[in-house]
Amino acid sequence: TVLFAWRLIYHVYTPRIKFSDHVHKSTEKASVIYHIHFSNTGKRTIVDGKFHASLFFKKNQAQNGSWEEILLPINPFGEVTEKFPAIKPAKDHHKAIEQRVTLQIGLLPSETLPETANGKASSLEDFLTTDTNAYVKASFSGFDAVSGKRKTFVSKKYNYNDFY
């Protein structure tokens, strides 16, 4: 019974972060912004959470180069990490409270985007359109409020078709 209780506490009744299936795109003040939604669909609160999103691409496409990562700014100050003190689970996981993080891609200097076959990409969307291997991935890490165990959750790979 001790093993059963341990399994319940550490593996069943845990926080779980679920990311949206796509990146929401909207226009505000004549600029395009992107939102990634996520929620705690688990059984317990997650505390001291940190969110970040990254762009992944092959550095040198022609020579099967190594993968490169660029952290994307997610607030108007250009910071790459968003902090969440606590995210409580919903009583009914179908009604989980969605958290929303805005990707401030407009703050990403165009010189940080690599060269594509068509020349220099002017925006993230332009880059994702021309580089079919590139993708954006979000991650969230925090602590289980009961066990104190660090949990890390990673979204799917968002490619150009997932931005709408």
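In this report, we go over the structure that sits alongside the text. None of these values were measured; they are calculated from a predicted model.

What counts and how
- Residues numbered from 1 in each chain as written.
- Predicted model: local features only at pLDDT ≥ 70, side-chain atom pairs only at ≥ 80, totals over all residues.
- Heavy atoms only, no water.
- Helix = DSSP H or I, 4+ residues; strand = E, 2+ residues; numbered from the N terminus.
- Buried < 20%, exposed > 50% of the residue type's maximum accessible area, 1.4 Å probe, protein only.
- Contact = heavy atoms within 4.5 Å.
- Areas by Shrake-Rupley, 256 points an atom, 1.4 Å probe, with all protein chains shown as cover.
- Phe/Tyr/Trp six-rings, centres within 6.5 Å; stacked < 30°, edge-to-face > 60°.
- Polar contact = N/O pair within 3.5 Å; in protein donor to acceptor, adjacent residues only side chain to side chain.

1. Considerations on the overall build of the chain
Helix and strand counts for the chain stand at two helices and eleven strands. Secondary structure elements of the chain, listed N to C terminal, follow the sequence α-β-β-β-β-β-β-β-β-β-α-β-β. Residues counted as buried form 40% of the 164 residues belonging to the chain. Sequence-distant contacts, at least 24 apart, represent 63% of the contacts inside the chain between residues at least 6 apart. Accessible surface computed for the chain: about 9800 Å², of which carbon and sulfur atoms make up 52%.

2. A short note on the environment of Ser39
Topologically, Ser39 is positioned in strand β3 (residues 31-40). With 59 residues separating them along the chain, Ser39 and Glu98 place their C-alpha atoms 4.7 Å apart.

3. Points about the packing of aromatic side chains
Evaluated as defined, the whole model comprises eight aromatic pairs. Here Phe19 and Phe38 contribute two aromatic rings whose centre-to-centre distance is 5.9 Å and whose plane-to-plane angle is 45°, an arrangement assigned as tilted. Within this pair, whereas Phe19 is found in strand β1 (residues 17-19), its partner Phe38 is found in strand β3, the two being separated by 19 residues in sequence. The buried category is assigned to Phe19, whose relative accessible area is 9%. Residue Phe38 is classed as buried on the basis of its relative accessible area, which comes to 1%. Seen from their ring centres, Phe84 and Phe140 are 6.0 Å apart, and the 55° between their planes marks the pair as tilted. Of this pair, Phe84 sits in strand β6 (residues 82-87) while Phe140 is found in strand β10 (residues 135-144), placing the two residues 56 residues apart along the sequence.

4. Some remarks on the side chain of Ser20
Structurally, Ser20 can be placed in the loop between β1 and β2 (24-28). There is a polar contact of 2.8 Å between the side chain of Ser20 and the backbone oxygen of His22. Not counting the four nearest positions on each side in its chain, Ser20 is found in contact with Ile36, His37 and Tyr158.

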